Each structure stands twice: as C-alpha cells, then as structure tokens.
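# Chain and residue survey
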Amino acid sequence: MKVAIVNGVNLNFLGIRETSIYGYETLEEINKNIVRHLEGTEINVDFYQSNIEGEIVNYIHGLHKKFDYLIINPGAYTHYSIAIRDAILAIGIKTIEVHLSNVDAREEFRKNSVISDIAVGKISGFGSYGYIMALEYIKQRGVI
Ligand code: DQA
C-alpha cells in the first residue's frame, strides 16, 4: 500500500509559526513520528511539502496509478485552490484532508474547503495526530 502525505503552503514553518495554534513540533519531527508509527506495517509513505501550488499539482499528477491514497494538508490552499482540487479529481486518488487546527472553530473563511467534498473525509483539530488517524483509517480499510 502506497500513501503520499502532502503538506502545502507554510507548513515548512511548523514549530515556528503561530505555536499557540500549531504547536512546537516541526514537520520533520511529525514525519519521523509517522515513519516510526508505520514500522512493521505494509504501508509505504512518500512525504512532500511545497509552498508552490503548481509544484503540488505536479506532484499529485505523479501519483497517478502509482499510489493508493493521498493524505493532504494543503494549508491555506485548502480554502481556494481549485488547481489542487482538479489535480486530485484528474487522477482520481482516494484523498483524506488533514488539518492540525480545528478549522471550523477559527475564522469564517477557514470553514470553506474546496477539497472536503471530493475527499473520503476530513480530520481537523487533533494536531499532528490527525495524520496518524488518517493512516489508521487506511490501515483498517485497505485498498478497495
Ligand atoms: C491548516 C489550516 C489552514 O487554514 C491554514 O491556512 C494552515 C494550516 C491546519 O493544518 O490547521 O496553513 O491547514
């Protein structure tokens, strides 16, 4: 089982940016923890982070017919990137949307996602544990 974990814009600044909202863990620490969590499982993960919308689109295109699932935290792109939405639709990959913060308990504009309605589901507000929750779902569910 191959799973791509994509983090979008500004998520390379985790551990530094708005720590009262996003915590002190860096993206590197989060990813290391994920690798540790998956030891001994059949799940292979590929991590990708970019601040550039088109690069994320190119990366998603590259998953076509090679990956079973996409776990994505698009950052602010969540709220308006039709390009990322269309890339997901173009390759038809099963997608889980993850947010560290509870986007529904913040500013009004964060309640809108252009990804949620094409995703299997959305996990929001559980910090970096959200990525683990998404992987646990995939582990239970397998490839259908
Ligand atoms: C975020 C929530 C977004 O609204 C915000 O723009 C981010 C991070 C989260 O993980 O909580 O950059 O996706």
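Here, every reference points to the structure presented above.
Residues numbered from 1 in each chain as written. Predicted model: local features only at pLDDT ≥ 70, side-chain atom pairs only at ≥ 80, totals over all residues. Heavy atoms only, no water.

### Notes on the site of the ligand
All residues in the neighbourhood of the ligand are listed as R17, Y22, N73, G75, A76, H79, H99, L100, S101, V103 and R110. Note that an oxygen atom of the ligand is positioned 2.7 Å from one of the side-chain N or O atoms of H79. When the ligand is considered free in solution it has 320 Å² of accessible area, and contact with the protein chains removes 98% of it. Residue classes in the shell around the ligand are distributed as four nonpolar, five polar and two charged. (Near = heavy atom within 4 Å. Polar contact = N/O pair within 3.5 Å; in protein donor to acceptor, adjacent residues only side chain to side chain. Areas by Shrake-Rupley, 256 points an atom, 1.4 Å probe, with all protein chains shown as cover. Nonpolar A, V, L, I, M, F, W, Y, C, P; charged D, E, K, R; others polar.)

### Some details on helix α3 (residues 53–61)
Within the sequence span of α3, burial applies to I56, V57, Y59 and I60. On an axial view of α3, the arc spanned by its buried residues comes to 160 degrees, and they lie on one face. (Buried < 20%, exposed > 50% of the residue type's maximum accessible area, 1.4 Å probe, protein only. Helix = DSSP H or I, 4+ residues; strand = E, 2+ residues; numbered from the N terminus. Arc of directions from axis to C-beta.)

### Section: the sheet that holds strand β3 (residues 69–75)
Read across the sheet, five strands follow the order β2-β1-β3-β4-β5 without closing on themselves; strand pairing throughout is parallel. Across the chains shown, the open sheet's two edge strands, defined by having one partner strand only, are β2 (44–49) and β5 (121–124). Across the sheet, the mean angle separating the axes of adjacent strands is 20 degrees when strand polarity is ignored. In this structure, β3 lies alongside strand β4 (residues 94–99), joined through four bridges in parallel fashion. By the bridge assignment, I71 is partnered in β4 with I96. With respect to the sheet, helix α2 (residues 27–38) is in contact with β1 (2–9) and β2, its orientation differing from that of β2 by roughly 170 degrees. Against the sheet, helix α5 (residues 129–141) touches β1, β2, β3, β4 and β5, its axis set at about 160 degrees to β3. (Pairing = 2+ DSSP bridges. Axes fitted to C-alpha atoms, helices over the stretch in contact; angles between N-to-C directions. Contact = heavy atoms within 4.5 Å.)

### What to know about the nonpolar core
Of all hydrophobic cores here, the largest spans 21 residues; its most connected members are V3, I34, I71, Y131 and L135. Mapped by element, the contributors of at least two residues to this core are β1, α2, β3, β4 and α5. Broken down by element, this core gets its largest block of residues, five residues, from α5. The contacts of I71, once residues within four sequence positions are left out, are V3, A4, I5, V6, I96, V98, Y131, A134, L135 and I138. Core analysis: the second largest hydrophobic core is formed by 19 residues, I60, F67, I72 and I91 among them. (Core = buried A, V, L, I, M, F, W, Y, C linked by side-chain atoms within 4.5 Å.)

### So, the packing of α2 against α5
In contact at an axis separation of 10 Å, α2 and α5 are set at 30 degrees when each is read in the N-to-C sense. Classified by the interaxial angle, the pair formed by α2 and α5 is roughly parallel. You can see that α2 and α5 cross each other, and the crossing is right-handed. For the pair α2 and α5, the contacting residues are I30, I34, H37 and L38 in the first and Y131, I132, L135, E136 and K139 in the second. (Parallel < 35°, antiparallel > 145°, perpendicular 65-115°, else oblique. Left-handed = near helix turned anticlockwise from the far one by under 90°.)

### Topic: α5
The α-helix winds at 3.6 residues per turn, so residues separated by three or four positions along the chain end up facing the same way. For α5, with 13 residues, the first-to-last C-alpha span of 18 Å sits near the 18 Å given by 1.5 Å per residue. Lining the buried residues of α5 we find β1, α2, β2, β3, β4 and β5. Remark: G142 follows α5 within two positions and exhibits a positive phi of approximately 70 degrees. (Expected span 1.5 Å × (residues − 1).)

### Notes on the side chain of N7
Relative to the helices and strands, N7 is located in strand β1. Within the structure, the side chain of N7 is placed 2.5 Å from the side chain of Y131, a separation counted as a polar contact. In this structure, N7 is in contact with L27, Y48, Q49, S50, N73 and Y131, ignoring residues within four places of it in sequence.

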